[in-house]
Amino acid sequence: MGALSPLGGDVESLWQGLLSGKSGVGRIDHLLPSGVLDELPVRIGATMAVSPDTLLTRVQARRMDRCEQAALVAAQQAWQHAGAPEVDSERLAVVIGTGIGGVSTLLAQDDLLEEKGPGKVSPLTVPMLMPNGPAAWVSIEFGAHAGVYTPVSACASGAEAIALGARLIRLGEADVVIAGGSEAAITPLTLAGFAQARTLSKRNDEPERASRPFDTGRDGFVMGEGAGIVILERAEHAAARGATVHGRLAGVGVTSDAYHITGPDPSGAGQVRAIRRAVADAGLSAADVAHVNCHATSTVVGDLGEAAAIQRALGDDVVLTAPKSALGHLVGAAGAVESIVTLLSVARGVVPPTLNLEDKAPEVTLDVVAGAPRELPMRAAVCNSFGFGGLNVSLLFTA
């Protein structure tokens, strides 16, 4: 596993930050041009605690968009954590999703074009802005010849990438897959767009308390950035090289609402089917799932719908947590980073707390961990990721 997040520059910093109740959300006035600052209603975000360009060579960093930099750094961490597996290059694939891609490069180069003309536009513009850039750079770094894929499915991109990676292994097309998601899209344009859609929190004066999943005071999500990468490996291949197995992706559920371009189906049917498919795919029953790492973005409608879907799919006895309370919403990287958190919860028998849950919405009757971490030995846990366009992804992890 490898990760860059608003809580730190590696997986352990991410995990310890969540356990300690640390928030990665803060003011981002320095990232906003003065001409926009006075009018933009949102001035908070969750930026990476360690900038990825400081972890690469100057040449590498200069040729990559920030989301590409983050993906490469997280992939390098994950590869080393996996023991740098020896694998036939034609049996090694890369699947890294992103919701938006190199939007910072796109906007910066468009400004150059308008201000100074086409001769000042960088020749690296296209490879820096293209959504498949993060996956492509990682494939080059590790010489992956079994395919390089880029799911682009909004907030579900990272989780869908992990699901697709598992399917490549099941289909016999790869033995090892570098999978996950990356996003670095905190820009005035994306903030303004989400703000106009009334999906962002406007708690500018108390940023650490802004993301409040399941709380009655929630008023929208907080934009975040980061990357999460896992190394998926065929069990037989891992055993043959004596690899340390940190957990198993035992079940995958992917469904679509076909309902609305931004809003979830209010019936929750698609989310329920995704969770149930993941459980069935793992050969388990609902009673085997003790914990759900929720998509829970802190929106007024979304949190309630997910809680109801979880209850319908798994019953009343599951324990929930919502990492976006501390991380903000990492968009295309969210599902990958939160999959890592879910895997660690299963492996270590601990559920991190949900921050800012001071007055739980009365509609949510399930147990949401808050205040402090909770020891919870478990056989299986589910990680949910849902995206604009109606995509629902549920991943089930076991020890």
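Trainee: I'd love a proper account of the pattern of salt bridges, names of residues and values included.
Mentor: Per the stated rule, a full pass over the model turns up 17 salt bridges. Note that Glu206 and Arg203 form a salt bridge whose closest N and O atoms lie 2.8 Å from each other. One salt-bridge network, in which partners are shared between bridges, spans Arg203, Glu206, Arg209, Arg212, Asp215, Asp219 and Glu358.

Trainee: I'd like to hear about the packing of helix H4 (residues 66–81) against helix H7 (residues 133–142), residue by residue, with values.
Mentor: The contact between H4 and H7 brings their axes to 8 Å, and the two run at 40°. Looking at the two axes, H4 sits oblique to H7. Here H4 runs over H7; the crossing is right-handed. Across the interface between the two elements, Cys67, Glu68, Ala71, Leu72, Ala75, Gln76 and Trp79 of H4 pack against Gly133, Pro134, Trp137, Val138, Glu141 and Phe142 of H7.

Trainee: Now, about the sheet that holds strand E15 (residues 391–398): what can you tell me, with residues and values included?
Mentor: The six strands lie next to each other as E8-E15-E14-E9-E10-E12, forming an open sheet whose pairing is mixed. Sheet topology places strand E8 (248–256) and strand E12 (367–368) at the edges, where each strand pairs with a single neighbour. Summarising the sheet, strand E10 (residues 319–321) and E12 pair through two bridges and their orientation is parallel. Paired with Val319 across the two strands is Asp367, which belongs to E12. Those strands touched by helix H11 (residues 269–281) are E8, strand E9 (289–293), strand E14 (380–387) and E15, and its axis lies near 150° from that of E8. Its contacts with the sheet put helix H14 (residues 334–348) on E8, E9, E14 and E15, and the angle it makes with E14 is roughly 170°.

Trainee: Before we move on, could you go through the environment of Glu225 and cite the residues and values that matter?
Mentor: With respect to the helices and strands, Glu225 occurs in the loop between helix H9 (188–196) and strand E7 (226–233). Exposure remark for Glu225: the relative accessible area of 4% places this residue in the buried category. Sequence spacing of Glu225 and Pro118 is 107 residues, and the spatial spacing of their C-alpha atoms is 30 Å. Excluding residues that lie within four positions of it along the chain, Glu225 makes contacts with Ser5, Pro6, Ala46, Thr47, Met48, Arg66, Glu183, Ala184, Ile186 and Leu330. Within the structure, Glu225 has its side chain in polar contact with the backbone nitrogen of Met48 (distance 2.9 Å).

About the criteria used
- Residues numbered from 1 in each chain as written.
- Predicted model: local features only at pLDDT ≥ 70, side-chain atom pairs only at ≥ 80, totals over all residues.
- Heavy atoms only, no water.
- Salt bridge = Lys/Arg side-chain N within 4 Å of Asp/Glu carboxyl O.
- Axes fitted to C-alpha atoms, helices over the stretch in contact; angles between N-to-C directions.
- Helix = DSSP H or I, 4+ residues; strand = E, 2+ residues; numbered from the N terminus.
- Parallel < 35°, antiparallel > 145°, perpendicular 65-115°, else oblique.
- Left-handed = near helix turned anticlockwise from the far one by under 90°.
- Contact = heavy atoms within 4.5 Å.
- Pairing = 2+ DSSP bridges.
- Buried < 20%, exposed > 50% of the residue type's maximum accessible area, 1.4 Å probe, protein only.
- Polar contact = N/O pair within 3.5 Å; in protein donor to acceptor, adjacent residues only side chain to side chain.

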